[in-house]
Amino acid sequence: MSALPPYAQLLDLAEEPHGEGPPLLVMPFADPVLGRPGFLHGGAITGLLEMAAIVALRHALGEEGGRIKPVNVTVDFMRGGRDKPTRALGVVERLGTRVANVDATAWQDDPAKPIARARMNYLIVRD
């Protein structure tokens with residue numbers, strides 16, 4: 001988890017293996033991510049989605065690496081996040097030489113019933 005920003009530690013994110021692709025991120029329900037009583041804060045859900053996108057993009061870049069800078073983020077909240085662990089997975093939809101498009105989905109009990117989705121565009125600065 002050392003490659004992620006410090007915000008990932010605040011969210012207490014853990015990686016969970018997921019086949020050959022990037023790992024799933026798991027965020028436990030705790031006081032730092034609490035919104036209204038019994039529900040996740042929208043900012044915590046958005047942070048989880050962003051971290052999942054970063055993990056997926058870094059996995060896709062591999063050894064080649066490069067610095068990534070967010071260009072824009074669009075989040076769709078679909079249902080309230082309850083008091084249980086939340087998982088998220090990022091998928092790189094397009095990886096160009098300078099720009100990447102990444103989708104991320106967060107769910108709790110069933111991946112087919114997401115609580116939120118995000119579409120993110122990143123600028124890739126290759127060294």
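Here goes a summary of the coordinates provided. (Residues numbered from 1 in each chain as written. Predicted model: local features only at pLDDT ≥ 70, side-chain atom pairs only at ≥ 80, totals over all residues. Heavy atoms only, no water.)

Scanning the protein from terminus to terminus reveals 2 helices and 6 strands. Mapped in sequence order, the helices and strands of the protein form the string α-β-β-α-β-β-β-β. Viewed in the frame of its principal axes, the protein has a C-alpha envelope of about 45 × 25 × 25 Å. Counting only residues that meet the buried cut, the protein has 37% of its 127 residues in that class. (Helix = DSSP H or I, 4+ residues; strand = E, 2+ residues; numbered from the N terminus. Buried < 20%, exposed > 50% of the residue type's maximum accessible area, 1.4 Å probe, protein only.)

Burial of strand E2 (residues 24–27) is two-sided: the residues Leu24 and Val26 facing one way and the residues Leu25 and Met27 facing the other way are all buried. Pairing analysis gives 3 bridges linking strand E1 (residues 14–16) to E2, with the strands arranged antiparallel. Among the inter-strand pairings, Glu15 is bridged to a residue of E2, identified as Leu25. The sheet contact formed by E2 and strand E4 (residues 86–95) spans 3 bridges and is antiparallel. (Pairing = 2+ DSSP bridges.)

It is worth spelling out the pattern of salt bridges at this point. Summed over all chains, the structure comprises 4 salt bridges. One salt bridge connects Arg87 with Glu16, and the closest N-O pair in it is separated by 3.1 Å. With a gap of 71 residues between them, Arg87 in strand E4 and Glu16 in strand E1 connect regions that are remote in the sequence. Since its relative accessible area comes to 26%, Glu16 is described here as partly exposed. (Salt bridge = Lys/Arg side-chain N within 4 Å of Asp/Glu carboxyl O.)

This part takes up the environment of Thr86. Within the element layout of this structure, Thr86 appears in strand E4. With 38 residues separating them in the primary sequence, Thr86 and Leu48 have C-alpha atoms 8.7 Å apart. Not counting residues within four places of it along the chain, the set of residues in contact with Thr86 comprises Leu25, Val26, Met27, Leu40, Leu48, Ala106, Trp107, Gln108 and Ile115. Reaching out from Thr86, the side chain makes a polar contact with the side chain of Gln108 at a distance of 3.0 Å. (Contact = heavy atoms within 4.5 Å. Polar contact = N/O pair within 3.5 Å; in protein donor to acceptor, adjacent residues only side chain to side chain.)

Relative to the elements of secondary structure, Leu49 occurs in helix H2 (residues 42–61). When its relative accessible area of 0% is taken as the criterion, Leu49 is described as buried. Residues Leu49 and Leu25, 24 residues apart in the sequence, show an inter-C-alpha distance of 8.9 Å. The residues contacting Leu49, other than those within four sequence positions of it, are Val75, Ala104, Thr105, Ala106, Ala116, Arg117, Ala118 and Met120.

Our focus in this paragraph is the packing of aromatic side chains. Applying the stated criterion across every chain, the model contains 0 aromatic pairs. Between Arg36 and the ring centre of Phe39, over which it is positioned, the NZ or CZ distance is 3.8 Å. (Phe/Tyr/Trp six-rings, centres within 6.5 Å; stacked < 30°, edge-to-face > 60°. Lys NZ or Arg CZ within 6 Å of the ring centre and 35° of its normal.)

Moving on, we come to the sheet that holds strand E6 (residues 116–125). Reading across from one edge, E1-E2-E4-E5-E6-E3 is the order of the 6 strands in this open sheet, with antiparallel pairing throughout. Where the open sheet ends on each side, the last strands, each with one partner, are E1 and strand E3 (67–77). Neighbour to neighbour, the strand axes of the sheet diverge by 30° on average, direction disregarded. Strand direction decides the pairing type here: E4 and strand E5 (residues 99–107), joined by 8 bridges, are antiparallel. The partner of Ala88 across the bridge, within E5, is Ala106. (Axes fitted to C-alpha atoms, helices over the stretch in contact; angles between N-to-C directions.)

In short, geometric facts, not functional conclusions.
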